[in-house]
Amino acid sequence: MVARLHANDSEFAQKFAVVLHGEYQTSQEIQKTVFDILADTQKRGDEALIELTEKFDHLSLAQDDLRFSPDQIDHEANKASPEVVDALKFAHDRIRSHHIKQRPADDVYTDDLGVTLGTRWTPIDAVGIYVPGGLASYPSSVLMNAVPAKVAGVPRIAMVVPTPKGEINSAVMAAARIAGVDEIYRIGGAQAIGALAYGTHTIQPVFKIVGPGNAYVAEAKRQVFGTVGIDMIAGPSEIMVIADASANPAWVAADLLAQAEHGAGAKSIAVVLSEEMANAVEAEVERQLETLGRNQIARQGWDRLGAIIIVPHMGKALELANEMAPEHLELAVDNPEELLPLVRNAGAVFMGHHTPEAIGDYVGGSNHVLPTAQTAKFASGLGTIDFMKRTSLLNCSPGALAQLGAATVTLAEAEDLQAHGRSVSIRLNR
């Protein structure tokens, strides 16, 4: 039975906290397992990758098999249906077009004292992309991670994708080819993250790792952070749909189930203004569950982590949204533009009745790699800027240094850093 909460109940805050925090957490057992795998990968390199791939993916590989050859990539990509390839190309072009608009521009100016300041943007030299593998894998994730990296100008993109029992997803390979990724390794799990971070004989290390994965992959990214950069520690997918009386209960239910079918702790939450809408949405969820192929996964997700919350007014709905900071926030109302200024915390906002979250997953153009587990309070979704570095520029003429020097020396002396002060005063002949 799905949870139903009423915002006016005296115990609502405690019940909503349970909905927010759910069941997802990294256990100490996972932390220890990942630590050992990373240490082994760092120590033994390719040998560890081969052994761990056989252990976890039930696939025997030789060292030369770790990387897909160009011919192998083409062979597997060509198995994808023309319809899938066309859809991937359509998605690629839209994602690329949107992310080009995110490219920051260098900026240099001279201020009133004659000091030249500025910002220069350069791409990261090497990026690793983790893509979940097997038959149940996601070619859209390839595009969402690779395309902004390409737009940023990253010269080297190394992709890792597990192929359990030798199963290769043709659409994933087609997406990689469309995105221009030709360095692909058939490894997964924490060991793949370790290989990207530390390098092996076959795999050169990268400087940043992006892409979704299971709890072991997420924990591995957490543990290698500092050696390399990472995009985020992604938890289970989540959606909050705010629906007023104008919303179609069947559409709201469909969007809730689109998240629930992810399984693995995905949350689906509806916030409505009346008991009538709550009843209608719940009834529609039950009806639609009977027609879903992934009925078991979606049913379990809805029953365990789904919720319908009844609030007295729209202001309260937005208050809850900002507290949850959902990965996906749908505004299923007639005039979403009026509510948008009240949204402070959300990974992505889907506005109006005709913008289901699934459009953002695939072909909308915006990125579907988004902050989860309330991290949208301080983090953003993946974008072009995440594959670039900002370098500050500073240039003082002799006259400008003279005007800045006295205050600099004073502050250096106040901090008892005499060499700092001298490095300025020596230039001023003091």
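Calculation criteria
Residues numbered from 1 in each chain as written. Predicted model: local features only at pLDDT ≥ 70, side-chain atom pairs only at ≥ 80, totals over all residues. Heavy atoms only, no water. Helix = DSSP H or I, 4+ residues; strand = E, 2+ residues; numbered from the N terminus. Buried < 20%, exposed > 50% of the residue type's maximum accessible area, 1.4 Å probe, protein only. Lys, Arg positive; Asp, Glu negative; His and termini not counted. Salt bridge = Lys/Arg side-chain N within 4 Å of Asp/Glu carboxyl O. Polar contact = N/O pair within 3.5 Å; in protein donor to acceptor, adjacent residues only side chain to side chain. Contact = heavy atoms within 4.5 Å. Pairing = 2+ DSSP bridges. Axes fitted to C-alpha atoms, helices over the stretch in contact; angles between N-to-C directions. Parallel < 35°, antiparallel > 145°, perpendicular 65-115°, else oblique. Left-handed = near helix turned anticlockwise from the far one by under 90°. 1 Å grid on protein atoms, 1.4 Å probe; cavity = no way out; pocket = protein on both sides within 12 Å on 5 of 7 lines; lining within 4 Å. Points joined across faces, edges and corners; volume = space filled by probe spheres on them. Nonpolar A, V, L, I, M, F, W, Y, C, P; charged D, E, K, R; others polar. Phe/Tyr/Trp six-rings, centres within 6.5 Å; stacked < 30°, edge-to-face > 60°.

Student: I'd love a proper account of the side chain of Glu327, names of residues and values included.
Tutor: Counting through the fold element by element, Glu327 comes out in the loop between helix 13 (314–324) and strand 12 (328–332). Of the side chains with opposite charge, Lys267 lies nearest to the buried Glu327, which makes no salt bridge, at 9.8 Å. Among the polar contacts made by the side chain of Glu327, one reaches the side chain of Ser237 at a distance of 3.1 Å. Excluding its chain neighbours within four sequence positions, the residues that come into contact with Glu327 are Pro236, Ser237, Glu238, Gly347, Ala348, His368, Leu370, Pro371 and Thr372.

Student: Quick rundown of the sheet that holds strand 10 (residues 267–272)? Include the residues and the values.
Tutor: The strand order across the open sheet built from 6 strands is 1-11-10-9-12-13, with neighbouring strands paired in parallel fashion. Each end of this open sheet is capped by a strand with a single partner; those strands are strand 1 (3–6) and strand 13 (348–351). For this sheet the average axis-to-axis angle between neighbouring strands, irrespective of direction, equals 15°. Bridge count between strand 10 and strand 11 (residues 307–310): 4 bridges; the pairing is parallel. Across the sheet, residue Ala270 finds its bridge partner in strand 11, namely Ile308. Against the sheet, helix 10 (residues 249–260) makes contact with strand 9 (238–243), strand 10 and strand 12, and its axis sits at roughly 170° relative to strand 9, the strand it touches most.

Student: Describe in detail the packing of helix 1 (residues 12–21) against helix 13, supporting the description with residues and values.
Tutor: Look at helix 1 against helix 13: their axes get within 11 Å of each other, and the N-to-C directions meet at 45°. Here helix 1 lies oblique to helix 13, going by the angle between them. Relative to helix 13, helix 1 is oriented so that their crossing is right-handed. Facing Phe12, Phe16 and Leu20 of helix 1, the residues of helix 13 in contact are Lys316, Leu320, Glu323 and Met324.

Student: Can you tell me about the sheet that holds strand 3 (residues 115–123), naming the residues and giving the values?
Tutor: Strands sit in the order 2-3-14 across an open sheet of 3 strands; the sheet is antiparallel. Sheet topology places strand 2 (107–110) and strand 14 (388–396) at the edges, where each strand pairs with a single neighbour. Across this sheet, the average inter-strand angle for adjacent strands is 15°, counted without regard to direction. The pairing of strand 3 with strand 14 spans 9 bridges and is classified as antiparallel. Bridged to Arg120 within strand 14 is Thr391. Contacting strand 3 and strand 14, helix 16 (residues 398–414) runs over the sheet at an angle of about 95° to strand 14.

Student: Describe the packing of helix 8 (residues 189–198) against helix 9 (residues 215–224), listing the residues and the values that go with them.
Tutor: Relative orientation and spacing of two packed helices are given, respectively, by the angle between their axes and the distance between those axes. In the contact formed by helix 8 and helix 9, the axes pass within 8 Å of each other and the chain directions differ by 25°. One way to sum up the angle between helix 8 and helix 9 is to call them roughly parallel. Judged by the sense of rotation from one axis to the other, the crossing of helix 8 with helix 9 is right-handed. In this structure, helix 8 contributes Gly189, Ala190, Ile193, Ala197 and Tyr198 to the contact, and helix 9 contributes Tyr216, Val217, Ala220, Lys221 and Val224.

Student: Can you break down empty space enclosed by the protein residue by residue, with the values?
Tutor: One simple way to see leftover space: roll a probe sized like a water molecule over the atoms. Applying the stated criterion to the full structure yields 2 cavities of 30 Å³ or more. When its volume is computed, the largest cavity comes out at roughly 40 Å³. Lining the largest cavity are 10 residues, and of these Val161, Pro162, Thr163, Ile168 and Asn169 lie nearest its centre. By volume, the second largest cavity amounts to about 40 Å³. Lining of the second largest cavity is provided by Gly211, Pro212, Gly213, Val217, Ala218, Lys221, Met232 and Ala234. A per-class count over the lining of the second largest cavity returns 5 nonpolar, 2 polar and 1 charged.

Student: Kindly report on the environment of Gly301, identifying the contributing residues and their values.
Tutor: With respect to the secondary-structure elements, Gly301 resides in helix 12 (residues 295–305). Residues contacting Gly301, with those up to four places away along its chain left out, are Ala260, Ala266 and Gly306.

Student: So what about the packing of aromatic side chains? Which residues, and what values?
Tutor: In total, this model carries 1 aromatic pair according to the counting rule given. Ring geometry for Phe12 and Phe16: centres 5.5 Å apart, planes at 10°, overall stacked. Here Phe12 and its partner Phe16 are both found in helix 1, 4 residues apart, which amounts to about one turn of the helix. No difference in accessibility class separates Phe12 from Phe16, as the two residues are buried.

Student: Tell me what's going on with the side chain of Asn145, and back it up with residues and numbers.
Tutor: Tracing the sequence through the fold places Asn145 in helix 6 (residues 139–152). Residue classification places Asn145 among the buried residues on the basis of a relative accessible area of 0%. From its side chain, Asn145 meets the backbone nitrogen of Gly211 in a polar contact 3.5 Å long.

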